[in-house]
Amino acid sequence: DGSELTDVTNYVKSNQTEPNKEFYGLAKKRNVIIISLESMQNFVINNKVNGQTITPFLNKLAKDDDTFYFDNFYHQTGLGKTSDAEFIVENSMYGTGRGAVFFTNSGNKFESMSDRLNDQGYATSVMHSNNKSFWNRDIMYKALNIDTFYDVESYDVTDDNSANWGLKDIPFMEQSVDIMKTMPQPFYTRMLTLSNHFPFTSDDEDQFIEPYDSGDKTVDRYFQTVNYTDKAVKVLFDKLKKEGLYDDSIIVMYGDHYGISENHNDAMAKYLDKESITPYDSAKLQSVPFFIHIPDSGKGEVMHEVSGEMDIRPTVLHLLGVDTSKDLQFGQDLFSKDHENFITFRDGRFITDKVVYAGEACYDAKTGEKLEDKTACEPLIQRANEKLDVSDKIINGDLLRFYDNKTGAVNE
Ligand code: GP9
Ligand code: MN
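By convention here, each chain's residues receive numbers from 1 onward along its written sequence. Note on labels: chains are lettered from A, ligands numbered from 1, in written order. Selection of residues for local features in this predicted model requires a pLDDT of at least 70, selection of side-chain atom pairs for listing and counting requires 80 or more, and totals for whole chains, interfaces and linings are taken over all residues. Side-chain measures were taken over the full set of non-hydrogen atoms in the model, leaving aside hydrogen atoms and water.

**Q** Describe in detail the UniProt feature "binding site: Mn(2+)" (unreviewed entry) in the protein, supporting the description with residues and values.
**A** The UniProt entry lists E38, T82, D256 and H257 under the feature "binding site: Mn(2+)" (unreviewed entry), expressed in the numbering used here. In sequence the annotated residues extend across 220 residues, while in space they remain close, none of their C-alpha pairs exceeding 7.5 Å. Of the annotated set, the members that line the second largest pocket are E38, T82 and H257. Classification of E38 by relative accessible area gives buried; the value is 2%. Contact criterion: two residues are considered in contact whenever any of their non-hydrogen atoms come within 4.5 Å of each other. For E38, the contacting residues outside a window of four places in its chain are T82, T193, L194, N196, H197, D256 and H257. Classification of residues uses two cut-offs on accessible area relative to the type maximum, computed with a 1.4 Å probe and protein chains only: under 20% is buried, over 50% is exposed, and between them is partly exposed. Of the residues examined, T82 reaches a relative accessible area of 8% and is grouped as buried. For T82, the contacting residues outside a window of four places in its chain are S36, E38, W135, R137, D256 and H257. UniProt positions are given in the numbering used here, feature names are shortened, and annotations may be inferred rather than shown by experiment. Only protein atoms enter the 1 Å grid, on which a cavity is a set of points fitting a 1.4 Å probe that cannot get out and a pocket is an open set with protein on both sides within 12 Å along at least 5 of 7 lines, lining residues being those with an atom within 4 Å of a point.

Encoded structure:
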């Protein structure tokens, strides 16, 4: 029954923050385009390889007057990778610790971002040029109430315009804007890119910078495929402008999860000019870029707030002027004055503005120095675990069945 939900509800509500009036409704009724940047980590932003800029377009965007760029933002995914990030964006809750929530809990009741935006008269969709059943998406998207899935069958895929898993990101962006033109407005669509996927191979004609020279081929190629995706994002922006969709939209982009695993620490140490990669470095390397671009708003800034994927849902919904005060979510609006500098990874590591907890050790967040005295981390270890436990309780017990999100009441 619903009694289990009462504690959970109290916990989640006590973590809720007030929206910021300056930003609430700033992008009301605009189209929402959320882009999952495959395997994009934040260390490539404003950085070079062999003297060449890796992400020229995103770097420019990060400084733009209409862009909020978050440089201290982390992925919170587990084994479900891209699909976990999608789950977090839609629900502001953790995926499960034991697999991909898209597989394990696709029969659950959810209150997704798509649900909220359907209520507001939005057409909701996902665009991704892969087989619809990958990650069980076709089933899970029904549970998330996403109206339309533009899967591989919505795209024109040929030998020339595809590589590895499917359509390359540049033709994907071009064809996706053509699809957007057919959507009723306002729309909320999530685009999932693919070219920058492990093992980061690409055709010669799509390599615009030289590979790195660590000798670790995976890492060396990564810079080239990131650079290609950066170009694809530029193509998207240009085409949105050309087709008159740009001004009425808000464009949100996040790196879904790491691309370079700890198996490649030697090459990463070389690139980052470090002796070795410590647990502190590994945690910091889970930072992924996050952008909120609101055309013609004159609002933008580089933000250093410690933040994560969980924060996307409340932040975007509040920008659209959609109330989430009754929603059970684990993230906080990034523009709220009460947003906390505290994020927890799926595996229990956490980061604040003062400390990083990783490998069961406590580190100074600024210097990376290991703190022999763990008292700065200890109370937070419990808080981090509690957050994960409460989220797991909701998912494992399918507890949203008992929740009335209109009134905030628990039905027994
Ligand atoms: C597959 C794509 C990549 O459709 O989303 O998935 P990933 O391996 O990154 O989870
Ligand atoms: Mn992915």
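Read on, since the account is not over.
**Q** Could you give an account of the UniProt feature "active site" (unreviewed entry) in the protein, with specific residues and numbers?
**A** Following the UniProt record, one finds the feature "active site" (unreviewed entry) at T82. Secondary-structure assignment places T82 in helix α3 (residues 81-91). At 3.2 Å, the side chain of T82 forms a polar contact with the side chain of E38. Strands here are runs of E lasting at least two residues and helices are runs of H or I lasting at least four, both read from the DSSP assignment and numbered beginning at the N terminus. Identification of polar contacts relies on pairs of N or O atoms within 3.5 Å, with a donor-acceptor requirement for protein atoms, meaning one able to donate a hydrogen and the other able to accept it, and with residues adjacent in sequence counted only if both atoms are side-chain atoms.

**Q** Residue-level account of the sheet that holds strand β1 (residues 31-37), with values.
**A** Think of it this way: DSSP has to see at least two bridges between two strands before they count as a pair. The strand order across the open sheet built from eight strands is β7-β6-β10-β1-β11-β12-β4-β13, with neighbouring strands paired in mixed fashion. Each end of this open sheet is capped by a strand with a single partner; those strands are β7 (148-150) and β13 (301-303). Put simply, the sheet's adjacent strands are angled 15° from each other on average, direction ignored. Under this scheme, a helix contributes an axis fitted over its contacting stretch, all axes are lines through C-alpha atoms, and angles between N-to-C directions fall in the 0 to 180 degree range. The strands that α3 touches are β1, β10 (187-192) and β11 (249-255); relative to β10, the one it contacts most, it runs at about 160°.

**Q** Can you break down the packing of helix α1 (residues 3-14) against helix α12 (residues 378-396) residue by residue, with the values?
**A** It is the contact of α1 with α12, at a shortest axis distance of 10 Å, that shows an interaxial angle of 130°. It follows from the interaxial angle that α1 and α12 lie oblique. As α1 runs across α12, the sense of the crossing is left-handed. On α12, the residues touching V8, Y11 and V12 of α1 are R383, E386, K387, V390, K393 and I394. Residues are grouped as follows: Ala, Val, Leu, Ile, Met, Phe, Trp, Tyr, Cys and Pro are nonpolar; Asp, Glu, Lys and Arg are charged; all remaining types, including Gly, are polar. A per-class count over the contact of α1 with α12 returns five nonpolar, no polar and four charged. For this classification, under 35 degrees means roughly parallel, over 145 means roughly antiparallel, 65 to 115 means roughly perpendicular, and everything else is oblique. Working rule for handedness: look at the near helix, and if it is turned counterclockwise from the far one by less than a right angle, call the crossing left-handed; if clockwise, right-handed.

**Q** Give me the pairing of β1: which residues, what numbers.
**A** Burial analysis of β1 places seven of its seven residues in the buried class, which makes it a mostly covered element. Pairing of β1 with β11, which is carried by seven bridges, proceeds in the parallel orientation. Counterpart to I33 in the pairing with β11 is I251.

**Q** Go over the coordination of the manganese ion (ligand 2), please, and point to the residues and values.
**A** A 2.8 Å cut-off from the metal defines N, O and S donors, relaxed to 3.2 Å for Na, K and Ca; water is not in the atom list, so some sites may appear incomplete. Each protein donor to the manganese ion (ligand 2) is listed here as E38 (OE), E38 (OE), T82 (OG1), D256 (OD) and H257 (NE2); together their distances run 2.1 to 2.4 Å. In this scheme the shape depends on donor count and angles: four donors with every angle between 85 and 135 degrees give tetrahedral, four or six donors with opposite pairs above 155 degrees and others between 65 and 115 give square planar or octahedral in turn, and any other case is irregular. Geometry at the manganese ion (ligand 2) is irregular, judged from the six donor atoms that bind it and their angles of 56 to 167° at the metal. In the primary structure, the donors to the manganese ion (ligand 2) are separated according to the pattern E-x43-T-x173-D-H. D256 gets classed as buried once you look at its relative accessible area, which sits at 0%.

**Q** Could you give me a rundown of helix α11 (residues 312-319), with the residues and numbers involved?
**A** In terms of burial, α11 is a largely internal element, eight of the eight residues being buried. Among the residues of α11, I312, R313, P314, T315, V316, L317, H318 and L319 are the ones counted as buried. Trailing α11 by a residue or two, G321 shows a phi angle of about 75°, which is positive.

**Q** Kindly report on the packing of helix α7 (residues 169-180) against helix α8 (residues 217-242), identifying the contributing residues and their values.
**A** Closest axis-to-axis distance for the α7/α8 pair is 8 Å, and the angle between their directions is 25°. Between α7 and α8, the angle is such that the two are roughly parallel. Crossing handedness for the pair α7 and α8: right-handed. Taking contact as the criterion, the partners of D169, I170, P171, M173, E174, V177, D178 and M180 in α7 are, on α8, Y228, T229, K231, A232, V233, V235, L236, K239 and L240. Grouping the amino acids of the contact of α7 with α8 by side-chain chemistry returns eleven nonpolar, one polar and five charged.

**Q** Explain the packing of aromatic side chains to me, using residue names and the numbers behind them.
**A** Any two rings among Phe, Tyr and Trp, with Trp reduced to its six-membered ring, count as a pair given centres within 6.5 Å; such a pair is stacked if its planes are under 30 degrees apart, edge-to-face if over 60, and tilted if neither. The full count for this structure, using the stated rule, is 30 aromatic pairs. Summarising the aromatic geometry, the rings of F68 and F335 are spaced 4.7 Å apart at their centres and angled 65° between planes, so their arrangement reads as edge-to-face. You can see F68 sitting in strand β4 (residues 67-70) and its partner F335 sitting in the loop between α11 and β15 (342-344), a full 267 residues away along the chain. In this structure, F68 and F335 share a single accessibility class: buried. With a centroid separation of 5.9 Å and 40° between ring planes, the pair formed by Y74 and F345 is classed as tilted. Of this pair, Y74 sits in strand β5 (residues 73-74) while F345 sits in the loop between β15 and β16 (350-352), placing them 271 residues apart in sequence. Neither residue differs from the other here; Y74 and F345 are each classed as buried. Taken together, F43, F198, F200, Y212, Y222, F223 and Y271 form an aromatic cluster joined through their ring pairs. One residue, K231, lies across the ring of F208, its end atom 4.4 Å from the ring centre. Placement of a positive charge over a ring is assigned whenever Lys NZ or Arg CZ falls within 6 Å of the ring centre and within 35 degrees of the normal to the ring plane.

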